[in-house]
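Structural overview
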Amino acid sequence: MVAFLTSDPKRRGKAEERKLRRQMSEAGEISATLRLLAPWIILLASIGVAPLAYLGAQAADAQGFTAFCAAACGAALVGSSVYLNKGREIFATCHEAFNFGAPFAVFAYTVLYGPNAYVEIGAFFAGLAAAIIWHKRHGNHTLRDLERRGAATPAAVSAAWREFAAEHMPTIRDSDMVMLANNKDEFRGGIELGPGEVPSDIDERAIDKITRWAGGIAGGTTLFVGEQLDRVGVQVLRTDKLKKPFPWLGPSGPGESIIETIEGLGLYRDFLPLTMLLPHVAGKGDLDEDKQQGHMAFTGMSRSGKGDAGEILDVNVACRKDSGVILLDPVKGDQQLAVLGDAAIWSLSTMSAVRAFLWCLVHRTIPMRAKHLGDPYRNPLGKNLREWVPGCGLTWLMVHMYEASALYGNENMVKITEQAASVGIMLLTEAQRFVHDRVDTTQRAQTADIVHFGCKDPDDAKFTLPPELIDMGAKPWVWANKRPGMCYVALSHLSLNRQVLPARWARRARDGSDVRAALDDHRPFVEIDLDPVTAASFGDPYAKYATERQARRDARPRQYAFSGPPGPRYADPAGQPPVTRGAVLVGQPPAPAPAPAPAPAPGLVVPPAAQRRSTPTVPAEPPEVPGSGFDLDPGDDPESDGPEPGADDDRAELTEVAERVIGDMAAEMEGDPDAVHVLHQAVDALERMGDPRDDEPQTGPREERFDDIDFPDPEEGLAEVSRDEAIDILLHVLANDIGVGNRFRPSDVYAAFRGRAKRSDSWVRKEMATLTEWGCIRDAEEYGVYEVIHTQRQDRPDPADGDYGAWPDQGL
């Protein structure tokens, strides 16, 4: 079709006509020869050759074998004839079978039993009648075939078109038709318009008349318009290739960037794959064209397949490494969102929550993401970014709004379509009709990409589809909801000739099992965390949801696999039996060796009372009382007045209870990064409780003191240092004990720092934020682990004031 729009059709039409005439001439000669000889050859074989074959077989004593071979050959020919004539008339099929079966039956009978006058006479007249019928039937069939071939020549098609256009299509009465292909499945040709005629003269009624003239199906005619306005390509389908649905084969490119094209969504009517390119893709050069993409809308009547198509698109986005899906459905809630489940970054199913989220998106998320992209000192790429690009430090988000008409009149939805595209947020809305009283007209105007499924009438399609597609033959109301998944994909980066071709989405399983299986197979990519900038903009509601979602993920059954021979056996440091580390968790890093109790958070010192909580306390036996079966020392009379409990005893009891509470907190919050600072504060408060010396927290666990043992003060001899001096000492420890380029935890520097400065462990942890802001350290992939970048202070103009380290080598 493209070749017609860009080449000379007259020369090609003459070449096709010459080729067809040559084939017709050869076919006529062959048909005439067969029509003359075939019936009489069969008659001669059954009447004349059979007696001679009988004499030869009798002389060779092979009558039975010869008859068997003849019968087998006849049966094979009859079966082949019936198979090759499927779909033809019953008379033609029976006649073909008789022509092949009767001669071999007479031949086999004569060879086996000898010549029989009655059989020979009957075979002669039956063969004569069959030969005459053969002659008549094949003669008429050949003539009709030749007539049809003659009518299908380019010259005949052109003449028929001019006559049809002059009578029924006066707007293009001077046009001509050039045939490109004409078979049982489709007709393809090109219309050469006359002087003063333009493609817009072929309106909707003219398209229906072209369909009738070419013998196509309803909605099967598509027009193709090129850069020149003097010709139009035409494709008329006689059979619908997308009538039967086909299964979905899984997500495309899991683990890749969202900037890559999403494939495998479905098929166009010309069997090219249905693909989508979601983010805005800038051209490689300053003068190269960008791949424009904006917000998207799925529209179509009830049960037209837009919901299933949206789920397939959601899974593909969720399986990419730098993108995520936020699901909103204030009407159906879990009925619609439960299939994707925890694969979404956030799922909201109540009207109040959805409205609050849209407000947060406009007033917090979009400004914070724009500030991150526009500030070269914030984003990792170090430059001003006008659009979201991979590696910018932000997660590309697709906000999928089901039942968007329920939020009609929400001004924040309109603002999102105006502001969110450049910061890497795409709004995907679903509605049955994009009419003005269901979807805001400004929002509809800002939605650049439309996927239009089946609708009820032409007026519904005209609300959303570009008028050019309607003029080119787009008719989504033809199939309505009878073929779920059929649609027109009107994406802004596609040409009109591609948008006008109907497509059909692949069909997912009715119970959603293939969607859940795809998410389970690619769970390492699905469970990627949201970027901190966007997570901070969502605030506490998202933090609570993320915590609950992580708890549900941790509660799932875990699958282990052996990738090689079992590893060595390691003895557990707590004295437990040695364990074999050969199994690894699928999709996760290898788990550490099992411990008898949950490990505390990094830098958290669990009090001794909490360590003793796992050991059951056996109550001591009461002393025996004289006269009652118990022996009691004379000075241990229970009735005597003992020492009264004092303040020290109350403080000790309170300390033990607090330590038990902290131990329980450490066990319950193990693995939760958001609760670590709470545990730190609790430990520091316990250390400061009842300490009369100073307000500085103690640096180690409390030791049980006895009167006969004098424990030295671990901080004895250390002088008080200022904060600046303490930071200098901390940088010196990092430079000498850790080293530039190495990774560490705060607990790795506690001992070295504690020996030089009178500061607590919690102070070291708090100053990690200061060192991170200076660029001395940065967060590693693992929580609580830092990497040393340099050990130079950044709050002094003169580097010599804090010469405890140096900038790293440029080659690092």
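Scope of this entry: the structure provided in the associated data block. (Residues numbered from 1 in each chain as written. Predicted model: local features only at pLDDT ≥ 70, side-chain atom pairs only at ≥ 80, totals over all residues. Heavy atoms only, no water.)

Here's the deal with empty space enclosed by the protein
Rule in force here: Points on a 1 Å grid over protein atoms alone make up a cavity when a 1.4 Å probe fits among them but cannot get out, and a pocket when they form an open set with protein on both sides within 12 Å along at least five of seven lines; lining residues each have an atom within 4 Å of a point. Grid points are joined across faces, edges and corners, and a volume is the space filled by probe spheres set on the points. The helix count covers DSSP runs of H or I at least four residues long, the strand count covers runs of E at least two residues long, and both are numbered beginning at the N terminus. Under the convention adopted here, Pro, Cys and the residues Ala, Val, Leu, Ile, Met, Phe, Trp and Tyr are nonpolar, Asp, Glu, Lys and Arg are charged, and Gly plus all remaining residues are polar.
Tallying each qualifying case throughout the model produces 5 cavities of 30 Å³ or more. The space that makes up the largest cavity amounts to roughly 110 Å³. Ser323, Gly324, Ile345, Val526 and Ile528 are the residues nearest the centre of the largest cavity, which is lined by 17 residues in total. Where the lining of the largest cavity is concerned, the elements lending two or more residues are β8 (323-328), α18 (523-526) and α20 (540-554). Of the residues in the lining of the largest cavity, the class split is 8 nonpolar, 3 polar and 6 charged.

Looking at the pattern of salt bridges
Short version of the rule: Salt bridges are identified by distance alone: a Lys or Arg side-chain nitrogen within 4 Å of an Asp or Glu carboxyl oxygen. Accessible area is worked out with a 1.4 Å probe on protein chains only. A residue is then buried under 20% of its type maximum, exposed over 50%, and partly exposed in between.
Within the structure shown, the criterion is met by 21 salt bridges. Close ionic contact of lysine 475 with aspartate 208 constitutes a salt bridge, the shortest N to O distance being 2.2 Å. In this pair, lysine 475 sits in the loop between α15 (467-471) and β13 (486-490) while aspartate 208 sits in helix α8 (residues 204-214), placing the two residues 267 residues apart along the sequence. On the basis of relative accessible area, aspartate 208 is assigned to the partly exposed category, the value being 40%. One salt bridge connects arginine 231 with aspartate 230, and the closest N-O pair in it is separated by 3.8 Å. Taking the relative accessible area as the measure of exposure, arginine 231 reaches 17% and is therefore buried. The network of salt bridges with shared partners includes Asp520, Arg523, Glu527 and Arg553.

A few points about the sheet that holds strand β1 (residues 176-182)
What counts, and what does not: Strand pairing is assigned whenever DSSP detects at least two bridges linking the two strands. Axes here refer to lines fitted to C-alpha atoms; in helices the fit is confined to the stretch in contact. Angles between the N-to-C directions go from 0 to 180 degrees. Contacts are assigned to residue pairs with any non-hydrogen atoms lying within 4.5 Å of each other.
The antiparallel open sheet is built from 4 strands, whose spatial order is β1-β2-β4-β3. Edge positions in the open sheet fall to β1 and β3 (221-225), since each of these has one partner strand only. Put simply, the sheet's adjacent strands are angled 20° from each other on average, direction ignored. Bridge count for β1 against strand β2 (residues 186-192) is 6 bridges, and the pairing is antiparallel. Each residue of the ladder has a partner; that of methionine 179, found in β2, is glycine 189. Along the sheet, helix α7 (residues 154-168) contacts β1 and β2; its crossing angle with β1, the most-contacted strand, is approximately 135°.

Section: the pairing of strand β4 (residues 231-237)
Counting buried positions along β4 gives 7 out of 7 residues, so the element sits mostly inside the fold. Side chains of β4 alternate between two faces, with Arg231, Gly233, Gln235 and Leu237 and Val232, Val234 and Val236 buried alike. Of the pairings in the sheet, the one linking β2 to β4 comprises 7 bridges and is antiparallel in character. Bridging from a neighbouring strand, phenylalanine 187 pairs with valine 236 of β4. Judged from the 5 bridges that link them, β3 and β4 form a sheet pairing that is antiparallel.

Focus: unusual backbone geometry
With the exception of glycine, the majority of residues adopt a negative phi angle, and the majority of peptide bonds are in the trans configuration. Positive phi, close to 50°, is recorded for glutamate 403, a residue that is not glycine. As for its placement among the helices and strands, glutamate 403 is situated in the loop between β10 (396-401) and α12 (411-419). Glutamate 403 gets classed as partly exposed once you look at its relative accessible area, which sits at 26%. Unusually for a residue other than glycine, alanine 480 sits at a positive phi of about 50°. Its place among the elements puts alanine 480 in the loop between α15 and β13.

So, the packing of aromatic side chains
In plain terms, the rule: Side-chain rings of Phe, Tyr and Trp (the six-membered ring for Trp) are treated as a pair once their centres are within 6.5 Å; stacked means planes under 30 degrees apart, edge-to-face means over 60, and tilted covers the remaining angles. Should the NZ of a Lys or the CZ of an Arg lie within 6 Å of a ring centre and within 35 degrees of the ring normal, that charge is described as sitting over the ring.
One pass over the structure, following the stated rule, counts 16 aromatic pairs. For the ring pair tryptophan 346 and tyrosine 542, a centre distance of 5.4 Å and an interplane angle of 65° mean the geometry is edge-to-face. Note that tryptophan 346 is positioned in strand β9 (residues 346-348) and tyrosine 542 in helix α20, a separation of 196 residues in sequence. As far as the burial class goes, tryptophan 346 and tyrosine 542 line up, both buried. Here the aromatic cluster, defined as three or more aromatic residues joined through ring pairs, consists of Trp346, Phe357, Phe538, Tyr542 and Tyr545. In this arrangement the basic side chain of arginine 498 is found over the ring face of tyrosine 268, its NZ or CZ atom lying 4.7 Å from the centre.

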